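Overview (structure and organization)
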Amino acid sequence: MDPRIHIGIDNCFAIKRWTDPADWMRVVRELGMKYVEVVPDLEADPLLTPDDYRREWVDRVCEAKEKYGIETVMLYSNNATYDTIGFAHPDRRVRDWILDSWFERFCGLAAGIGADIGYFVHGLSEDILFDQKKRLDAQKNVLDCMTRLNRIAERYGIEKTALEQMYTPHQPPFTIDTMTELMQSVKRLTGKPLYVTEDVGHHCPFYLRPDADALQSAFARYRTDSYIGVWLGSQHAIELFRSEKSDRLSADTLKAIEADMDANAGMFSTPRDNDCYEWLREIGCYSPIIHMQQTNGAASSHAGFNPQNNASGKIHPIKVLKAIAESYKKAEKEDMPPRVEDIYLIQEIYMSTKEVGYQGLWRIRESTDYLRRFIPQDGMRLSELLALAEAHGE
């Protein structure tokens, strides 16, 4: 398969600035794009707005799509749902409310504007994260909610549902293997695929398993100001670390910490998991939406692509395209979703509260023009883009 590649944008840039559908679609068109990932933060939240208003909102979206030639490719869960432990909540009443009230309306919005859906609506509070039984219960609850959501989406005729990958243990799945296993589980339980949304800025080295040298170095710092500069993976390991009385971690303490980390191996990432290109090589063919932002690898800054950011950034469009191509060379697997035929590189660029609106739009246009150097036309095949890059010496 040789997928078509498109450039688009998440309309999160327009929050509290261009809130009417006709306004944000006009701006997107003026910025040189036609594909939009929509978030309900733009005055269409399923629980913050009345039913009749949302029906009118769907009509306005459809009218503006026709007027400006915009395609709403995906409706994505918003800031409010991101900030809850949601699907991992230990109280079933909360989980049911999110599914039966918020997501029921959300899927209705998506169906009305002809969009697929994407989401991330769970997290592990520390009392869950550091308790193995609670953590396993939360994982079961999350899987149950995702399977129920897949069935809701199917009832509304939504073709694809996608989960955004994250990068910390309290927001799983944060490794390639656990994301793959989750996609397989949802498909097995529902018969309907769960896709992934790769965000190229969602990778960091903070949750790597520390070796003995890193532990000793962290302990030397801890002795000076009580700061623990490594991820230890469990409350027991933290207690072992803090209970050491000498100036260095003893051999016995090191051994005990290592044994605890072995028992909690799933709480750590690997270098492979902290590389967006590895994610794309492995499962990029199952990512209909790829969130694009420039990053230096230390933070998900949602920065655009400009000379200053690119100078210190790790993300290059050609490297992204080459990594995606590697995923399509792998053999198809029956327990995974069908590989996608269209991939939308969606810029996820936020504007700060203090930013001047027209200056922010200038930044987005600058970023879009940069990406257009490598994807000059929407819908070009991946092989065409790579051949073009090779001809230009990229």
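Keep in mind that this is a model prediction, so the values were computed, not measured. (Residues numbered from 1 in each chain as written. Predicted model: local features only at pLDDT ≥ 70, side-chain atom pairs only at ≥ 80, totals over all residues. Heavy atoms only, no water.)

Re the pattern of salt bridges
Following the criterion strictly, the structure yields 29 salt bridges and no others. For the salt bridge of Asp-51 with Arg-105, the shortest nitrogen-to-oxygen distance reads 3.7 Å. Here the residue Asp-51 occupies a position in helix 2 (residues 51-68), and Arg-105 occupies one in helix 4 (residues 92-113), the gap between them amounting to 54 residues. On the basis of relative accessibility, which here comes to 31%, the residue Arg-105 falls in the partly exposed class. By sharing partners, the salt bridges in this structure join Arg-92, Asp-96, Asp-100, Asp-144 and Arg-148 into a single network. (Salt bridge = Lys/Arg side-chain N within 4 Å of Asp/Glu carboxyl O. Helix = DSSP H or I, 4+ residues; strand = E, 2+ residues; numbered from the N terminus. Buried < 20%, exposed > 50% of the residue type's maximum accessible area, 1.4 Å probe, protein only.)

Remarks on a negative patch on the surface
A cluster of like negative charges, contributed by Asp-52, Glu-56, Asp-59 and Glu-63, occupies part of the molecular surface. Summarising the element assignment, Asp-52 is placed in helix 2. Taking the relative accessible area as the measure of exposure, Asp-52 reaches 43% and is therefore partly exposed. (Patch = residues over 30% accessible without salt bridge, like charges linked within 9 Å, V, L, I, M, F, W, Y side chains within 5 Å. Areas by Shrake-Rupley, 256 points an atom, 1.4 Å probe, with all protein chains shown as cover. Lys, Arg positive; Asp, Glu negative; His and termini not counted. Charge placed at Lys NZ, Arg CZ, Asp CG, Glu CD.)

Quick look at the environment of Arg-373
Here Arg-373 shows up in the loop between helix 14 (357-372) and strand 9 (380-381). On the basis of relative accessibility, which here comes to 53%, the residue Arg-373 falls in the exposed class. It is 9.3 Å that separates the C-alpha atoms of Arg-373 and Pro-317, two residues lying 56 residues apart in sequence.

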